[in-house]
Amino acid sequence: RAGGASSVDKHVIRLEAQFYTPTDDDSIPTGEVRAVKGTPMDYCSAPRVVGDGILECDQGNGADHNFVLSGAASEEGLRPVATLWSEKSGRLMKVWTTEPGVQFYTGNFL
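Thresholds, definitions, all that
- Residues numbered from 1 in each chain as written.
- Predicted model: local features only at pLDDT ≥ 70, side-chain atom pairs only at ≥ 80, totals over all residues.
- Heavy atoms only, no water.
- Phe/Tyr/Trp six-rings, centres within 6.5 Å; stacked < 30°, edge-to-face > 60°.
- Helix = DSSP H or I, 4+ residues; strand = E, 2+ residues; numbered from the N terminus.
- Lys NZ or Arg CZ within 6 Å of the ring centre and 35° of its normal.
- Buried < 20%, exposed > 50% of the residue type's maximum accessible area, 1.4 Å probe, protein only.
- Pairing = 2+ DSSP bridges.
- 1 Å grid on protein atoms, 1.4 Å probe; cavity = no way out; pocket = protein on both sides within 12 Å on 5 of 7 lines; lining within 4 Å.
- Points joined across faces, edges and corners; volume = space filled by probe spheres on them.
- Nonpolar A, V, L, I, M, F, W, Y, C, P; charged D, E, K, R; others polar.
- Salt bridge = Lys/Arg side-chain N within 4 Å of Asp/Glu carboxyl O.

Asker: So what's going on with the packing of aromatic side chains? Which residues, and what values?
Answerer: Tallying each qualifying case throughout the model produces four aromatic pairs. Each ring, one from Y43 and one from F67, has its centre 6.3 Å from the other, and the planes form 80 degrees; the classification is edge-to-face. Placement of Y43 in the loop between strand 3 (34-35) and strand 4 (48-49) and of F67 in strand 5 (residues 64-69) is noted, with a sequence separation of 24 residues between them. By way of ring pairs, the aromatic residues Y20, Y43, F67 and F104 are connected into one cluster. Sitting over the face of the ring of Y43, R48 holds its NZ or CZ atom 4.3 Å from the ring centroid.

Shown next, in the form of structure tokens:
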């Protein structure tokens with residue numbers, strides 16, 4: 001299929017983030033930093049299907065949040081961000097960064 005022709009809801013993701021920044025009704029970060037453990041925003045404890053619990057994420061609109069990265073940086077200064085896997089295609093993507101956070105957006109309003 002062409003890009004964008006299928007959903008990522010069945011992809012499996014793991015984010016290296018134990019905290020995220022909640023948003024208000026207009027999707028603006030509130031300034032609070034909240035733990036993900038035990039919440040629908042927990043993509044850290046174990047790999048998880050993107051679409052599972054998506055409607056329970058903040059404001060019921062899915063994820064459009066900054067996640068505070070918790071992985072240790074390598075000698076090159078890179079820290080792990082995410083691992084994303086598609087069972088259907090077999091593709092695996094690993095993301096690393098020098099930044100302290102990552103914005104995870106599930107296409108809520110597309």
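Asker: Now, about the pairing of strand 1 (residues 12-15): what can you tell me, with residues and values included?
Answerer: Only one face of strand 1 is covered, namely the one carrying I13 and L15; the face carrying V12 and R14 has none of its residues buried. Sheet analysis places strand 1 next to strand 4, joined by two bridges and oriented antiparallel. Within strand 4, the residue paired with V12 across the bridge is V49. As judged from the four bridges shared by strand 1 and strand 6 (residues 79-85), these two strands associate in the antiparallel manner. Paired with L15 across the bridge in strand 6 is A82.

Asker: A description of the layout of surface pockets should follow, citing residues and the corresponding values.
Answerer: By volume, the second largest pocket is sized at about 360 Å³. Lining the second largest pocket are 18 residues, with V8, V50, F104, Y105 and T106 positioned closest to its centre. Contributing elements (two or more residues each) for the lining of the second largest pocket: strand 1, strand 6, strand 7 (92-97) and strand 8 (101-105). It is strand 8 that provides the largest number of residues to the lining of the second largest pocket, a total of four residues. Residues that form the lining of the second largest pocket fall into these classes: 12 nonpolar, five polar and one charged.

Asker: Can you break down the pattern of salt bridges residue by residue, with the values?
Answerer: What the rule picks out here adds up to two salt bridges. The closest approach of N and O atoms between R34 and E32, which form a salt bridge, is 2.9 Å. Relative accessible area serves as the criterion here: at 31%, R34 is assigned to the partly exposed category.

Asker: Which residues make up the pairing of strand 5, and what values do they have?
Answerer: Here strand 5 shows one buried face, formed by H65, F67 and L69, and one open face, formed by D64, N66 and V68. The pairing of strand 2 (residues 17-21) with strand 5 spans four bridges and is antiparallel. The partner of T21 across the bridge, within strand 5, is N66. Where strand 5 and strand 8 come together, five bridges link them in antiparallel fashion. What sits directly across from V68, in strand 8, is G101.

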